Amino acid sequence: MMQNIYKILENREIASGTMSMRLEGEVDFYRPGQFVNIAVPGFTLRRPISVCDWDDRSFTIVYAVVGDGTERMSRMLPGESLDILAPLGTGFDPDAGAERPVLLGGGVGCPPLYGLARRLLERGVRPTVVLGFNSAEKMMLLDEFRALGLDVYVATLDGSYGTKGFVTDAMRLNGLDPDYFYACGPTPMLRAVCLGLGIPGEVSLEARMGCGFGACVCCSVETVGGSKRICMEGPAFRKEELIWK
Amino acid sequence: MEMTNGNSCPGEDMNLADPRLEVDLGGVRLKNPVIPASGCFGYGYVMSRFYDLDVLGAISFKGTTLHPRFGNPLPRVAECASGMLNSVGLQNPGIDAVLEKELPMMRSSFHGPIIANISGFSLDEYRECCRRIDGAPGVEIIELNVSCPNVHGGGMSFGTSCESVAEVVRAVKEVTSLPLFVKLSPNVTDIVSIARAAEDAGADGLCLINTLLGMRIDLRTRRPIMANGMGGFSGRDIFPVAVRMIWQVSRACSVPVIGCGGVASAEDVLEMMMAGAKAVEVGTANLINPTACRDIIRNLPAAMDRYGIENLKELTSSAQGN
Ligand SMILES: Cc1cc2nc3c(=O)[nH]c(=O)nc-3n(C[C@H](O)[C@H](O)[C@H](O)COP(=O)(O)OP(=O)(O)OC[C@H]3O[C@@H](n4cnc5c(N)ncnc54)[C@H](O)[C@@H]3O)c2cc1C
Ligand SMILES: Cc1cc2nc3c(=O)[nH]c(=O)nc-3n(C[C@H](O)[C@H](O)[C@H](O)COP(=O)(O)O)c2cc1C
Ligand code: FES
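Described below are features of the structure shown in this document. Not measured: the values here are computed from a predicted model. (Residues numbered from 1 in each chain as written. Chains lettered and ligands numbered in written order. Predicted model: local features only at pLDDT ≥ 70, side-chain atom pairs only at ≥ 80, totals over all residues. Heavy atoms only, no water.)

## Quick notes on the sheet that holds strand β10 (residues 152-156) of chain A
Residue and element names in this part refer to chain A.
So, point 1. Spatially, seven strands are ordered β11-β10-β9-β8-β12-β13-β16 in an open sheet, and the strand pairing comes out mixed. Both outer strands of the open sheet, β11 (163-164) and β16 (236-238), are each paired with one neighbouring strand and no more.
So, point 2. Pairing between strand β8 (residues 101-106) and strand β12 (residues 180-184): five bridges, direction parallel. Bridged to V102 within β12 is F181.
So, point 3. Sheet strands in contact with helix α2 (residues 111-122) are β8 and β12, and its direction is about 165° off that of β8.
So, point 4. Along the sheet face, helix α5 (residues 187-196) touches β8, β12 and β13 (201-204) and points at about 165° away from the line of β12. (Pairing = 2+ DSSP bridges. Helix = DSSP H or I, 4+ residues; strand = E, 2+ residues; numbered from the N terminus. Contact = heavy atoms within 4.5 Å. Axes fitted to C-alpha atoms, helices over the stretch in contact; angles between N-to-C directions.)

So this is what it looks like as C-alpha cells:
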C-alpha cells in the first residue's frame with residue numbers, strides 16, 4: 001500500500017451529481033472492488049472511494065457529490081494533485097468460480113462493478129449486468145458496460161427508465177438465471193439481495209472510516225467468523241459471512 | 001502484499017537513531033519520545049506496511065480488556081473541523097488472544113518497548129488483565145485506561161473520582177511489578193486532584209489526555225452522526241487542552257508524564273515536552289497520515305536546531321521555569 005500524490009487527468013460530470021475522476025500515478029490494484037482513501041484539501045478525514053477501473057499508470061473513480069468533501073473534489077481541475085492511499089481493502093474475487101454471474105449495482109455502487117466486469121471477461125467469464133438508480137437522470141456507465149459487449153438491464157425506482165423498481169425486480173422480470181452474484185449499492189439493496197437470492201455471491205459494504213487501513217477498528221462488522229474490518233477484510237464479503245439483523 | 005516506501009530508501013530510517021532524541025521514561029529508555037497512542041495503531045503490525053516500526057520510541061497497543069469486545073454499533077466515527085469523534089467502544093479480541101496472537105505479531109515487526117494499554121469495567125477485570133500481561137515478552141510498561149465506566153459504580157468512569165482511581169491503582173499494583181502509568185480522562189473538573197490520587201496510590205507515571213467527550217449531529221437526518229450518540233474527541237483540535245493539563249499535572253506531581261492529545265508535528269512534541277511531558281503519544285494523526293510518527297521523528301532534529309534545543313532529555317518542563 002502506498003501513500004502517493006496523484007495528478008488529476010480528468011474530472012467531469014457523467015450523470016446528475018455524479019463525477020468521474022481519472023488520476024495518474026503509481027497503480028497497483030490487484031482486485032476489483034478495492035478502494036482508495038483520498039485526503040481532500042481542507043478536510044480532516046480521508047474520503048473512501050472505490051476504484052472503478054485502472055490501467056498501468058492511471059485509475060478512475062466515480063463519485064456522487066453528497067457532502068462538503070465530495071463537493072470540494074468536484075471543483076478540482078485537471079493538473080491539480082491529491083494525496084491518496086491506495087490500494088486499500090480486499091475487493092471482489094473474480095476467481096470465485098462463477099460461470100454465469102450477475103453484477104448488481106445500485107447508484108454509486110455501480111462503478112466498482114465495471115472494473116470487475118473487465119477482470120471477469122479477461123478470465124473468459126461473461127457476466128450479466130443489472131443496474132439500479134433512483135431515476136433516469138442518475139444513470140451512469142450504461143454505455144461503458146455495453147461497450148464491453150455485455151447485456152445490461154436497468155431498474156429505476158420512479159420507472160423513468162427500464163424496469164420500475166429494484167434490481168431484484170429487473171432480474172426477475174427479465175428471467176435472469178445467474179449462478180453467482182456480485183453486488184454493490186445501498187445497504188437495503190445488499191440486504192435484499194443476500195436474503196432474497198438463493199445463489200452464492202459477494203457484496204461490498206460501506207462504513208464511515210477513521211483510517212481505511214486497519215488501524216482504528218472504526219469500521220468493524222460482526223460476521224459469522226468474528227468481527228472483520230470493512231477496510232481490510234472487506235469491503236467485499238461473501239454472502240455466507242454476513243449477519244443481517 | 002509488496003510494500004514499498006513512497007518517500008524513503010530502506011537505509012534512510014537507520015539514521016533516526018540519534019542520541020539527541022533519547023529520553024528516559026520512568027526507567028525505560030526510549031530512542032526518541034514518539035509513541036503511537038492506543039487505539040490508533042492497532043497492535044502495531046498493521047502499520048509495518050508503511051514504514052519500519054523500529055524507528056519508534058515505543059508503541060502503546062489497542063486498549064485490551066479481559067474478554068473480547070465487539071464494541072459499539074456503526075457508525076462509530078465522525079469528522080470534526082480538525083479532529084474526529086470515535087465511539088469504537090473498546091473493541092478488542094481480549095487479553096488471551098492478545099497474548100497468544102497479537103503480541104507475537106507485534107513483536108515480529110517492532111522490537112522496542114511495548115506499552116500495554118489495559119481497560120476494565122471492574123477492579124477485578126483490571127487486576128486480572130494486568131496479572132496476565134505481567135511478564136509478557138516485550139511489554140515494559142502498563143498504561144491503565146481509566147476512562148471506562150465502572151459497572152459496580154453506577155456507570156461512572158473510574159477516572160472521574162479520586163477514590164476510584166486510587167482503588168484501581170492499588171488493585172493493579174498488587175499483581176504487577178511493571179511500571180504502571182495511569183492514562184487520565186480529561187472529562188473531570190480537577191485533573192490535578194485525580195493525578196495526585198493516582199500518584200499517591202502508587203502510580204509510577206501518568207499519561208494525559210484521553211479523548212474529550214463530544215457529539216456531532218447530522219443536519220440532514222437531525223440525528224447524532226454516531227450510532228452511540230456521544231464519543232471521544234481527538235486530533236489537532238484538542239492540543240491546547242492537553243498542553244494545559246500536562247502543565248498543571250507535571251507541576252503538581254513528581255512521577256513522569258506522557259503527553260498525548262492532538263500532536264501532529266515535531267513542534268507539537270517540543271511544546272508538549274516543554275509543558276512537562278517526558279514522552280509524547282500520537283494518536284489521530286496516524287489515521288490521517290499513516291507515516292505521521294515517522295515523519296515527526298525525522299523532523300525533530302531540525303525543529304530542535306531551530307529552537308536551540310541541544311537534546312530532548314533536558315527539555316521536559318523547561319517552560320515552567322525554576
Ligand atoms: C469502501 C467504500 C467505497 C466507497 N466507494 C464510493 C464510490 O465509489 N463512489 C461514491 O460516490 N461513494 C463511495 N463511497 C461513499 C463515500 O465515501 C462518501 O460518499 C463520501 O465519503 C462522502 O464525503 P462528503 O465529504 O461528501 O460527505 P460528508 O457527509 O460531508 O462527510 C462527512 C464524513 O462522513 C463520511 N461519510 C459520509 N458518507 C459516507 C458514506 N456513505 N460512506 C463512508 N463514509 C461516509 C465522510 O468520509 C466524512 O468523513 C464509498 C465508501 C466506502 C466506505
Ligand atoms: C479511534 C480511537 C481509538 C482509541 N482507543 C483507545 C483505547 O483503546 N485506549 C486508550 O487509552 N485510548 C484510546 N484512544 C485515545 C487515544 O489514545 C488518545 O489518547 C486520544 O485520541 C488523544 O490523542 P490524539 O489527539 O493524538 O488522538 C483512542 C482514540 C481514537 C481516535
Ligand atoms: S477505518 Fe480504521 S480500521 Fe477500518
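## A short note on the site of ligand 2
All names here are of chain B.
So, point 1. Around ligand 2, the surrounding shell holds 22 residues, and the nearest of these are S38, K183, G235, G262 and T284.
So, point 2. For ligand 2, an oxygen atom lies 2.6 Å from a polar atom in the side chain of T284.
So, point 3. Calculation on ligand 2 without its partners gives an accessible area of 600 Å², and the protein chains cover 98% of this total.
So, point 4. The residue inventory of the shell around ligand 2, partitioned by class, reads six nonpolar, 14 polar and two charged. (Near = heavy atom within 4 Å. Polar contact = N/O pair within 3.5 Å; in protein donor to acceptor, adjacent residues only side chain to side chain. Areas by Shrake-Rupley, 256 points an atom, 1.4 Å probe, with all protein chains shown as cover. Nonpolar A, V, L, I, M, F, W, Y, C, P; charged D, E, K, R; others polar.)

## Quick word on the interface of chain A and chain B
So, point 1. Residue-level contacts link 31 residues of chain A with 37 residues of chain B.
So, point 2. Around 2600 Å² of area is buried between chain A and chain B when both sides are counted, 59% of it from carbon and sulfur atoms.
So, point 3. On the surface where chain A and chain B come into contact, there are one salt bridge.
So, point 4. Salt-bridge contacts for R47 of chain A lead to E79 of chain B; the nearest nitrogen and oxygen are separated by 2.7 Å.
So, point 5. Taken together, chain A and chain B are joined by 14 residue pairs in polar contact (both at pLDDT 80 or more).
So, point 6. Of all the elements in the fold, those that place two or more residues in the side of chain A that touches chain B are β1 (2-15), β14 (220-223) and β15 (226-229) of chain A.
So, point 7. By residue class, the composition of the side of chain A that touches chain B is 19 nonpolar, seven polar and five charged. (Buried area = accessible area lost by both parts, 1.4 Å probe. Salt bridge = Lys/Arg side-chain N within 4 Å of Asp/Glu carboxyl O.)

## Some thoughts on the environment of R31 of chain A
So, point 1. Summarising the element assignment, R31 of chain A is placed in the loop between β2 (18-24) and β3 (35-39).
So, point 2. Of note is the side chain of R31 of chain A, whose polar atom sits 3.0 Å from the backbone oxygen of G91 of chain A.

## So, the pattern of salt bridges
So, point 1. Enumeration over the complete set of coordinates arrives at 29 salt bridges over all chains.
So, point 2. For the salt bridge of D83 of chain A with R46 of chain A, the shortest nitrogen-to-oxygen distance reads 3.1 Å. Remark: R46 of chain A occurs in the loop between β3 and β4 (47-50) and D83 of chain A occurs in strand β7 (residues 81-88); sequence separation between them is 37 residues.
So, point 3. For D83 of chain A, a relative accessible area of 22% puts it in the partly exposed group.
So, point 4. Where K228 of chain A meets E241 of chain A, a salt bridge forms, and the shortest distance between an N and an O atom there is 3.2 Å. One end of the pair, K228 of chain A, is in strand β15; the other, E241 of chain A, is in the segment after β16, with 13 residues separating them in the sequence. Across this residue pair, the class does not change: K228 of chain A and E241 of chain A are buried.
So, point 5. Several salt bridges converge on common partners, so that one network encompasses D96, E128, R131 and R132 of chain B. (Buried < 20%, exposed > 50% of the residue type's maximum accessible area, 1.4 Å probe, protein only.)

## Here's the deal with the environment of V55 of chain B
So, point 1. Along the polypeptide, V55 of chain B turns up in the loop between β3 (34-36) and β4 (59-60).
So, point 2. Sequence-wise, V55 of chain B and C293 of chain B are 238 residues apart; in three dimensions their C-alpha atoms are separated by 8.9 Å.

## Let's talk about the site of ligand 1
So, point 1. The environment of ligand 1 is made up of 21 residues, and the closest members are P48, A64, T70, E206 and R208 of chain A.
So, point 2. Lying at an intersection of chains, ligand 1 is approached by residues of chains A and B.
So, point 3. A distance of 2.6 Å is found between an oxygen atom of ligand 1 and a backbone nitrogen or oxygen belonging to P48 of chain A.
So, point 4. A64 of chain A places a polar main-chain atom, nitrogen or oxygen, 2.7 Å from an oxygen atom of ligand 1.
So, point 5. Listing elements by their share of the shell around ligand 1, those giving two or more residues are β4, β6 (58-64) and α1 (68-74) of chain A.

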